[in-house]
Amino acid sequence: MAGLGSTAKAPSLPPPRPKSPPEYPDLYGKRRELAKVQMLEREIRFLEDELKFVEGLQPASRSCKDVADYATANSDPLMPATKRVHRSCCFWKWLCGSSCFSFSWICCQGCVPHLEIPRCCGCSNLCDCSISSSCPSSCPSCTSIRCSKPKCHCCSCSCFSSLCFRKPACGLSCRIPKCPSCSNCCFCNGCTSCYPKCLKVNLCNGCCTKGCCYNCYICY
Amino acid sequence: MSVAELKDRHLAATQTVSALRDRLKQKRLLLLDTDVAGYSRSQGRTPVSFGPTDLVCCRTLQGHNGKVYSLDWTPEKNRIVSASQDGRLIVWNALTSQKTHAIKLPCAWVMTCAFSPTGQSVACGGLDSVCSIFNLNSPTDRDGNLPVSKMLSGHKGYVSSCQYVPDEDAHLITSSGDQTCGLWDITTGLRTSVFGGEFQSGHTADVLSVSINGSNSRMFVSGSCDSTARLWDTRVASRAVRTFHGHEGDVNAVKFFPDGNRFGTGSDDGTCRLFDIRTGHQLQVYYQQHGDNEVPPVTSIAFSISGRLLFAGYSNGDCYVWDTLLGQVVLNLGTLQNSHEGRISCLGLSADGSALCTGSWDSNLKIWAFGGHRKVI
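What this report covers is the structure whose coordinates are included nearby. Here the structure is a predicted model, which is why all the values come from computation and not from measurement.

Comments concerning the overall build of chain A
Regarding its fold elements, chain A presents 7 helices and 0 strands. Buried positions account for 34% of the 220 residues belonging to chain A. In chain A, once contacts between residues fewer than 6 apart in sequence are set aside, the share between residues at least 24 apart is 22%.

Put into structure tokens, the structure is as follows:
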């Protein structure tokens, strides 16, 4: 019979001592770090080679002379300078078109006031698709040249004039790209690589969420 | 070696690189005894002087419904391809202003376009990270669209610029937001070489532009958001031949000087610069205050056929014509009659040098040519 008041303790279990996970070598991080160091050491070699190269260089004035000699040695159709006019001189075609080409340069000078292709359909401004009424429907002055621009109402079917452009009538749908969903709007790899400087192209504001294109300023 | 030791080595190497770069910069500065403008003034060069109607807009190409982002001329005939935010490429007869093709793109977010040397195909690229090739002689599909004849996939970022290798319809070079440039074989659709990228010595930020040397098509330059331009040899993709420092902002545009031994750049810092590829010297800075202390970025550049003129488009709509020798602005196409109503996003010279085409965010392209008198001798 166990005595009353016996105070013998049951043997207690040792306190739990959770083990830390074993220390696995961070091979990926180490290799990456090693690769970066190797790149830098290669860059050091390149820079040392470059320093040796620069030691033997001539001053910039020599190259400047080459530039000046070259730029003044050749004729230039866009330069306002004395030049010998050849029959095959090509720049008159821009002023007169083929109808004047066979005439003397006097004709071409006479063409100067009429250089400009009349604005399509009397539109003083471009057809702004955000303002559907900005492009008048009549063409008061364009008799020989048809308007080649689609009319406003941009997102409906529009045709290029058959005179201006070889396309079957109204097979074309006028599509202004809308702001795409975020899954398409950022083409950065994994999106995290967008930060700190991502693209130089800018999609419509608000189309990218933080998770996709954070700090991804783009001007498109 | 432990990671901690590697990190120490990394830090030491970074400091060494920085010190060497400073030494290199100082040595180069000592060699800059003059610039092109200083030399030209010393030689008594006459400045270029344009009359009010010397350079005129003689064509306005209307048809895009959105911002024009890129344009390219055919190497021989007078055709232009343009790319726009409206998701189309348009091929124009530049003399008659007629459109010969309007190509609806599979990805509307196009940033660049280029004509092949023979003029038979066009390439484009953009946010889809793919460079798409269209054969202009292909039959259209049921919907009247020109099908893609090849897709060049491989870049991990947007395609910012593309250019066919001169005289080679089967090869082109691209630049990308993934910090690399690529040389492609269009026949196989494969990327032959990658210039730069992770673990290679190349740009450290988005690459925005390329220009292939017309005198030696194995060499090309690229401009990047890392503020540098780099010269590459297509036979050696592992590292750039030379890196050109100087700009203080993204290098948006690069273009070879006509002699093939120099190239120009245009940057977010508002300057254009001229560099020598053989020596690495920065030969000239082209900068002029625009007023109101604004410094609009340079978006695009082109040299005239002699190299005497440098055309530079700016984000505020200006299009300066620089006298490359005297470093002065001689004309601003942005203030002429019938000029663009928005940012100049791209420009290019015709193959014979007789006309300049500019593209703008106002959705138009304009062609500029000499309209003045020449003294006949």
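Re empty space enclosed by the protein
Residue and element names in this part refer to chain B. In the structure shown here, the tally under the stated rule is 5 cavities of 30 Å³ or more. Each pocket or cavity is described by its volume, and for the largest cavity that value is around 70 Å³. Every residue lining the largest cavity is listed: Leu105, Pro106, Cys107, Trp109, Val110, Cys124, Gly125, Gly126, Asp128, Val130 and Ser132. Elements that contribute at least two residues to the lining of the largest cavity include exactly β7 (121-126) and β8 (130-135).

With respect to the sheet that holds strand β16 (residues 229-233) of chain B
Residue and element names in this part refer to chain B. An order of β14-β15-β16-β17 is seen for the 4 strands of this open sheet, with the pairing classed as antiparallel. Because the sheet does not close on itself, it has two edges, and the strands there are β14 (207-212) and β17 (242-244). Direction aside, the axes of adjacent strands within the sheet are offset by 25° on average. Examined bridge by bridge, strand β15 (residues 219-224) and β16 share 5 bridges and lie antiparallel to one another.

Here's the deal with the nonpolar core
One finds Cys272(B) and Leu274(B) to be the most contacted residues of the largest nonpolar core, which totals 22 residues. Of all the secondary-structure elements, those providing two or more residues to this core are α2 (60-73) of chain A together with α2 (36-42), β20 (272-276), β21 (282-286), β22 (298-303), β23 (309-314) and β24 (319-323) of chain B. At 5 residues, the largest contribution of residues to this core is made by α2(A).

Structural notes on α2(A)
Its 14 residues give α2(A) an end-to-end C-alpha distance of 20 Å, which sits within 8% of 20 Å, the value for a rise of 1.5 Å per residue. When we look at burial in α2(A), the residues that qualify are Ala60(A), Ser63(A), Cys64(A), Val67(A), Ala68(A) and Ala71(A). In a view along the axis of α2(A), the buried residues occupy a sector of 140°, so they form one face of it. Contacts from the buried residues of α2(A) go to α1 (3-31), α2, β19 (262-267), β20 and β21 of chain B.

Concerning the pattern of salt bridges
All chains considered together, the criterion is met by 16 salt bridges over all chains. Among the salt bridges present, the one from Arg45(B) reaches Asp69(A), with a minimum N-O distance of 3.8 Å. You can see Arg45(B) sitting in the loop between α2 and β1 (55-61) and its partner Asp69(A) sitting in helix α2, one on each of two chains. Judged by relative accessible area, Arg45(B) falls into the partly exposed class, the value being 25%. Asp69(A) sits in the partly exposed class, given a relative accessible area of 30%. Through salt bridges that share partners, Asp66(A), Asp259(B), Arg262(B), Asp276(B) and Arg278(B) make up one connected network.

Some remarks on unusual backbone geometry
All names here are of chain B. The phi torsion at Ser97 lies on the positive side, around 70°, for a residue other than glycine. Judged by relative accessible area, Ser97 falls into the buried class, the value being 15%. Phi at Ser363 is positive, roughly 80°, even though this residue is not glycine. Secondary-structure assignment places Ser363 in the loop between β27 (355-360) and β28 (365-370).

Quick notes on the rules
Residues numbered from 1 in each chain as written. Chains lettered and ligands numbered in written order. Predicted model: local features only at pLDDT ≥ 70, side-chain atom pairs only at ≥ 80, totals over all residues. Heavy atoms only, no water. Helix = DSSP H or I, 4+ residues; strand = E, 2+ residues; numbered from the N terminus. Buried < 20%, exposed > 50% of the residue type's maximum accessible area, 1.4 Å probe, protein only. Contact = heavy atoms within 4.5 Å. 1 Å grid on protein atoms, 1.4 Å probe; cavity = no way out; pocket = protein on both sides within 12 Å on 5 of 7 lines; lining within 4 Å. Points joined across faces, edges and corners; volume = space filled by probe spheres on them. Pairing = 2+ DSSP bridges. Axes fitted to C-alpha atoms, helices over the stretch in contact; angles between N-to-C directions. Core = buried A, V, L, I, M, F, W, Y, C linked by side-chain atoms within 4.5 Å. Expected span 1.5 Å × (residues − 1). Arc of directions from axis to C-beta. Salt bridge = Lys/Arg side-chain N within 4 Å of Asp/Glu carboxyl O.

By themselves these figures say nothing about function.
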